[in-house]
Amino acid sequence: MKIERIETFLVPPRWLFCRVETDDGVVGWGEPVVEGRAEVVRAAVDVLAEYLVGQDPLRIQDHWQVLTKGGFYRGGPVLSSAVAGLDQALWDIAGKTYGAPVHALLGGPVRDRVRVYAWVGGDEPAQLTEQIAAQVEAGFTAVKMNAAGATSPLATAAETAAVVARVSAARDALGPDRDVAVDFHGRFTAASARRVLAELAPLHPLFVEEPVLPEHGHLLPGLVSASPVPLATGERLYSRAEFLPVLAAGIAVAQPDLSHAGGISEVHRIASLAETYGAQLAPHCPLGPIALAAGLQVAFATPNFLIQEQSRGIHYNKEADLLSYLVDPEPFRFVDGHAHRGDAPGLGITLDESAVRAADRAGHRWRNPVWRHPDGSFAEW
């Protein structure tokens, strides 16, 4: 069996899919994308396809080595995301070839269901309460929310109080038996994060995500030692090598993204590395159905898995949502806040190829916003 053709599809709302077809007619799907830079990743996939076409698709680990290390310049979000989507597609092909789900190929399941969480916005406490009530009604036992919008380098008393008020509203709406995770999104300096974390501790967040920017990872040891709240990071880290220092710093939760951090192959290894530090895995996934399917396959086979992000109803999903390109939504039918394990081969989902091709004809040009502080200077989004 040889890889015969690789195609990419730029589909709304902000996703990029890739389709890998073999000369035996087996097709695998992946989701290689950097949000806001999808066209650039598409070009990277085209370059990597030059190597893959004509190769045996089942030599996944060898291909991963060549795709990530075969060029003198390595790493970064664009290349790692291109490799991630291709890696997902190769695992999908392997599962379909062997007639087994990917989690079986990773060593077999360690759980029957995977806990997932829903995203809520809630710029105002009243709005947040309504959104959480809807997710609780839908059966979710955990939500994640942004802590704040653009934040001053040293958060003011009003900014700090507003964060605490929103998380307090979330805790009141959820009660003591459900969880809220809080995303700082790299918008806080270490000094501001330290102050806000202490204020949030009585509200018992499941974790606080990206307390500082990834380039400030050297500040994490001090932040971890001072924080009464478990800290999480990883959506903008792309390899085991990048996760090693943050795990050594003592983060509680590693959050690699299956569409950014080298795909199923590398995230599975990152999970094992995290286990040696007593850290849990909570894959980042505000993306589409293929990325989520890949994340769930890893979750079913990962002992130190905590919870899985998913994007149904997230504010980015305007022209299409998580289920828009699926033939059967059953794999993403969440019961009591969990996805249940299936035995369908490969990634376990079937894409509506005609819908994907039609969406690609429209495409998208999604870009993240650029924020500024009141004085006109750049602010982290």
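What you see is a predicted model; the values in this text were computed from it and never measured.

(A) Quick peek at the sheet that holds strand β2 (residues 15-22). With antiparallel pairing, three strands are arranged side by side in an open sheet as β1-β2-β3. What marks the edges here is a single partner per strand, and that holds for β1 (3-11) and β3 (27-30). The mean inter-strand angle of the sheet, taken between neighbouring strand axes irrespective of direction, is 20 degrees. Across four bridges, the pairing between β2 and β3 is antiparallel. Looking at β3, one finds that valine 20 is bridged to glycine 28. Packed on one face of the sheet, helix α1 (residues 38-52) meets β1 and β2 and runs near 180 degrees to β1.

(B) Seen up close, the environment of arginine 37. Mapped onto the fold, arginine 37 is located in the loop between β3 and α1. Accessibility expressed as a relative area gives 45% for arginine 37, which makes it partly exposed. Separated by 22 residues in sequence, arginine 37 and tryptophan 15 have C-alpha atoms that sit 9.8 Å apart.

(C) Structural view of helix α10 (residues 263-276). Taking 1.5 Å of rise per residue, 14 residues should cover 20 Å, and α10 covers 20 Å from first to last C-alpha, within 8% of that figure. Listed as buried for α10 are Gly263, Ile264, Ser265, Glu266, Val267, Ile270, Ala271, Leu273 and Ala274.

(D) Local environment of the pairing of β2. The buried count for β2 comes to eight of eight residues, which makes it a mostly enclosed element. Of the two faces of β2, the one holding Trp15, Phe17, Arg19 and Glu21 and the one holding Leu16, Cys18, Val20 and Thr22 are both buried throughout. Across eight bridges, β1 lies against β2 in antiparallel orientation. From the neighbouring strand, glutamate 7 faces β2, where its bridge partner is arginine 19. Hairpin connection between β1 and β2: a loop of three residues separates the two successive antiparallel strands. The turn joining β2 and β3, which pair antiparallel and follow one another in sequence, is formed by four residues; a positive phi near 90 degrees is taken by glycine 25.

(E) Inspection of the packing of helix α6 (residues 157-174) against helix α7 (residues 190-200) at higher detail. The N-to-C vectors of α6 and α7 enclose an angle of 35 degrees; their axes lie 10 Å apart at closest approach. Crossing of α6 over α7 shows right-handed handedness. On α7, the residues that touch Thr160, Val163, Val164 and Val167 of α6 are Arg195, Val196, Glu199 and Leu200. Its residues assigned to classes, the contact of α6 with α7 shows five nonpolar, one polar and two charged.

(F) Main features of the packing of aromatic side chains. A full pass over the atoms with the stated rule returns nine aromatic pairs. Note on phenylalanine 72 and tyrosine 73: the rings are 5.1 Å apart at their centroids and 90 degrees apart in plane angle, and the pair reads as edge-to-face. With respect to class, phenylalanine 72 is no different from tyrosine 73; both count as exposed. Both rings, one in tyrosine 316 and one in tryptophan 366, keep their centres 5.6 Å apart while their planes meet at 90 degrees; by these two values the pair is edge-to-face.

What counts, and where the lines are drawn
- For every chain, the first residue of the written sequence is number 1, and numbering continues from 1 onward in sequence order.
- For this predicted model, a pLDDT threshold of at least 70 governs which residues receive local features, and a threshold of 80 or more governs which side-chain atom pairs are given and counted, while totals over whole chains, interfaces and linings are taken from all residues.
- In computing side-chain values, all of the structure's heavy atoms are included and hydrogens and water are not.
- For two strands to pair, DSSP has to find at least two bridges joining them.
- Helix and strand assignments follow DSSP, with helices taken as H or I runs no shorter than four residues and strands as E runs no shorter than two, numbered in order from the N terminus.
- An axis is simply a line fitted to the C-alpha atoms; with a helix, the fit covers only the stretch in contact. Between two such axes, the angle follows the N-to-C directions and lies from 0 to 180 degrees.
- Any two residues whose heavy atoms approach within 4.5 Å at even a single point are treated as in contact.
- For each residue, the accessible area found with a 1.4 Å probe, counting protein chains only, is set against the maximum for its type, and the residue is called buried under 20%, exposed over 50%, and partly exposed in between.
- Expected helix span is computed as 1.5 Å times (number of residues minus one).
- For any helix crossing, the convention is left-handed if the near helix is rotated counterclockwise from the far helix by under a right angle, and right-handed if that rotation is clockwise.
- Think of it as three bins: nonpolar holds Ala, Val, Leu, Ile, Met, Phe, Trp, Tyr, Cys and Pro, charged holds Asp, Glu, Lys and Arg, and polar takes everything else, Gly as well.
- A pair of Phe, Tyr and Trp rings is counted when the ring centres sit within 6.5 Å of each other, with Trp represented by its six-membered ring. The angle between the planes then sorts it: under 30 degrees is stacked, over 60 is edge-to-face, the rest tilted.

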